[in-house]
Amino acid sequence: MNIIETRGLKKNYALGTTTVHALRGIDLAIEKGDFLSIVGPSGSGKTTLLNIIGCIDFATEGSVRVGDLEITSLSDRQITDIRLHKIGFIFQTFNLIPVLNALENVEFPLLLMKDHSRVDVKKKSEQLLDAVGLADYMKHKPAELSGGQRQRVAIARALVTNPDIILADEPTANLDSVTGASILDSMREMNKREHTTFIFSTHDANVLKYASHVIKIKDGLITKE
Amino acid sequence: MNLIVKIAWRNIMRHRGKSLIIGAILFVGAFIMTMGNGVMSGMDAGLNRTVVNSFTGDIVLVSDKQENDNVFVEFMGKAVAPIYNYVDIKKALDSLPYVERALPEGKNMAMVLNEEGGAPGNANLLGVDIGRYRKMFPGSVTVVEGRMLEPGDQGALVPVYAQKEFEAYTNIWFMPESTVLDSARLPKEVKPDYAALIPKTNAVLMGFNEDNSTTDIRLGIKGIIKYRALNSLWGQFVVIDIESYRRCLGYFAASDKVDVPASEQKLFSLADENLDAMFTQDSLMTSARGAHTVRAAAAKPAAIRTAAPPRVDVDAGAYNLVCVLLKKGQSAPDCIGKLNKLSKERKLGFRAVSWKKAMGAVGSMATIIKGALFVFVMFLFFVAIIIIVNTLSMAAIERTTEIGMMRAVGAKKGFISVMFLAETAMLAFVFGGAGIVAGIIGVNVFAVFNITSTNDMIQLLFGGDTFHPLLTAADIMVSIGQLAIVTLIAVIYPTRVARSITPLDAVTRD
Ligand SMILES: Nc1ncnc2c1ncn2[C@@H]1O[C@H](COP(=O)(O)OP(=O)(O)OP(=O)(O)O)[C@@H](O)[C@H]1O
Ligand SMILES: [Mg+2]
């Protein structure tokens, strides 16, 4: 079964008197365990699409199904629960809570779930930070980490709740190629080990070779799958 | 919860500037609020000490024929209506569980005649059974010169204030009986007038009777007294024995009711014949001006007294009001209601009024001062809330990406609310708490300084002549409650701002 399905997804932004058609009818079916890349030029609608799939934005038209839930019909509370339990999000920037250190940032969603013991939370978070190579940086605050390190903390945090889907909007855009590659490596590894579905956007051709599928998007429409 | 407290605490430390602004507002607000509570509480306690427990009681019963509730400080006013049935009222009061004790009093204006031919002065007369008066209001007056009025005495106690007033207007200097003018013992401001002083050891008081006639009585001055506080107010009240008071006002005196044994009946005729002779005695009464009539009836018992003092129920005569002190913890408004109901049911002919109403403008002044203090504290509340709301809302907007991110990761709106509340609550606890502690210290420091004032208005604010702010455990609880309310109100709007931040706000912001 497809873990995500969109049908006739449209997103309009009213900009003064004109309307920007960011998405103009996206039909998408993503399989569980996929490592999918969305590529396209700037302004093509990648971020918009990811935000809608990730339940942090809403479509103007069309439907989105995540797992077995039709998200257009849910309340804010239910949607928040989906974000907490089913989805991990890695933003391009502004990823972490500034007052919490790396370990605490990873622990955060697990603590929100309230169904793990304190010891479990700590153990799980430490394991994941270790897996992304940050064992020595657990007590560092975001401001004391490099961009790549922060991004890896964000990945660990996205993984810690064992979500079904992880969405990453240009996870490597702000990083040098070496760091970018190592981050994609850790993502790929998680994908293999946990069968977590990864969807990430990029306009970097080098990144594409990691993907198992690639969707090309232009002017709010899928041009090639 | 632990997580929220941790985040809240670190946010406070991270945004120290804002935290300090809010903290300072909370500190100052809590400090002034606590001080205000202390002043109000001190005023209440002071008024209780200097008014309720020294002069009026909690409740004053007046005749239901009395038009104006204000029976004490209506200087220009009409006569206070008499109460003739105190015997019945007393019986009723004695059976009431909420009444601690009661004192009937005669209270009216009288002229103080100037035998030297100058303008007369006037005084408020307080006619009391002195034994009961001292039991009712223990320690409310102290003798400065001479002696206290004793039970059975006929005489007057003149307050220092009235003594000086008479001197200023008439040059008459009232002194206790059997004292002589001694310049060394005169107050500083009176000394320069020494040569012109007319020393007097008795006063001729002219009372206005109900039938528009007047009665003069001459009363020996037993002592010069001082009230516990508010001397410029109470100092106008000359205390005299109730029987002399009744004669002065032309009331039916208690002794008029005495059943005279048959064996003594003949003394009446003797008294009648010797009426003129008796008027020459200056100890009892005199018709200083021929125009004023003296009720013959009033003279008769005096004649009897010289022969054989009869047993007199002093309550059989007339009074003007009854001061009622309530048991501790009783609500005055409730008791006023109960007393008025009782009066109606049993046709006791009285009306119960609060001491503040009985004190007229002075009583309302106390209420107004308290109200002004309250409004001031409320205003402070308001300003504090506005500043905190503003600062917190700005903080919420500044943290949009952070909050939106928390929401994106799965934090519910409730989590954001509690986080904001926790932050403000911690600031309130630390800074507001410090403000309350500072307020408590401030109140106690002020109390130690013994700030005094002779100004009537300020004395009302002080509740006496000394500023004695006071904080009871209950007042401190009130301050804590006020602080909690301010915090809660101030956090509502910023919390709404923070709750409305969506994950998208975090993403679309660069
Ligand atoms: N909040 C908004 N208001 C108005 N228009 C918007 C808004 N967000 C996006 N758009 C428009 O929608 C279109 C798609 O934007 P989107 O951010 O999805 O592009 P993108 O593919 O992520 O581009 P990039 O590679 O530069 O990140 C653009 O034309 C953009 O201008
Ligand atoms: Mg984008």
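Residues numbered from 1 in each chain as written. Chains lettered and ligands numbered in written order. Predicted model: local features only at pLDDT ≥ 70, side-chain atom pairs only at ≥ 80, totals over all residues. Heavy atoms only, no water.

(A) Geometry of the packing of helix α3 (residues 102-113) of chain A against helix α4 (residues 118-131) of chain A. All names here are of chain A. The contact between α3 and α4 brings their axes to 9 Å, and the two run at 125 degrees. Of the possible angle classes, the one that applies to α3 and α4 is oblique. Handedness of the α3/α4 crossing: right-handed. Along its contact with α3, which presents Ala 102, Leu 103, Val 106, Glu 107, Leu 110 and Leu 111, the element α4 presents Arg 118, Val 121, Lys 122, Lys 124, Ser 125, Glu 126 and Leu 129. Here the contact of α3 with α4 is built from residues that sort into seven nonpolar, one polar and five charged. (Axes fitted to C-alpha atoms, helices over the stretch in contact; angles between N-to-C directions. Helix = DSSP H or I, 4+ residues; strand = E, 2+ residues; numbered from the N terminus. Parallel < 35°, antiparallel > 145°, perpendicular 65-115°, else oblique. Left-handed = near helix turned anticlockwise from the far one by under 90°. Contact = heavy atoms within 4.5 Å. Nonpolar A, V, L, I, M, F, W, Y, C, P; charged D, E, K, R; others polar.)

(B) Looking closely at the pattern of salt bridges. For the coordinates displayed, the defined rule picks out 29 salt bridges over all chains. The closest approach of N and O atoms between Asp94(B) and Lys90(B), which form a salt bridge, is 3.2 Å. With Asp94(B) and Lys90(B) both in helix α3 (residues 86-94), this residue pair falls four residues apart, about one helical turn. Among the residues examined, Lys90(B) registers a relative accessible area of 28% and is labelled partly exposed. Members of the salt-bridge network, linked through shared partners, are Glu5(A), Arg7(A) and Arg65(A). (Salt bridge = Lys/Arg side-chain N within 4 Å of Asp/Glu carboxyl O. Buried < 20%, exposed > 50% of the residue type's maximum accessible area, 1.4 Å probe, protein only.)

(C) Just the pairing of strand β5 (residues 156-159) of chain B, in detail. Residues and elements named next belong to chain B. Both faces of β5 are covered, namely the face carrying Ala 156 and Val 158 and the face carrying Leu 157 and Pro 159. Bridge analysis of β5 against strand β9 (residues 214-227) gives four bridges, and the strand direction is parallel. For Ala 156, the partnering residue across the bridge sits in β9 and is Ile 221. Relative to strand β10 (residues 237-241), β5 runs antiparallel, the two sharing two bridges. When the sheet's bridge partners are listed, Ala 156 is paired in β10 with Ile 240. (Pairing = 2+ DSSP bridges.)

(D) Summary view of the site of ligand 1. All names here are of chain A. The local shell around ligand 1 holds 14 residues, among which Ser 42, Gly 43, Lys 46, Thr 47 and Thr 48 are the closest. One of the side-chain N or O atoms of Ser 42 is found 2.6 Å from an oxygen atom in ligand 1. Contacts to ligand 1 include Gly 43, whose backbone N or O atom sits 2.8 Å from an oxygen atom. When its residues are assigned to classes, the shell around ligand 1 shows five nonpolar, seven polar and two charged. (Near = heavy atom within 4 Å. Polar contact = N/O pair within 3.5 Å; in protein donor to acceptor, adjacent residues only side chain to side chain.)

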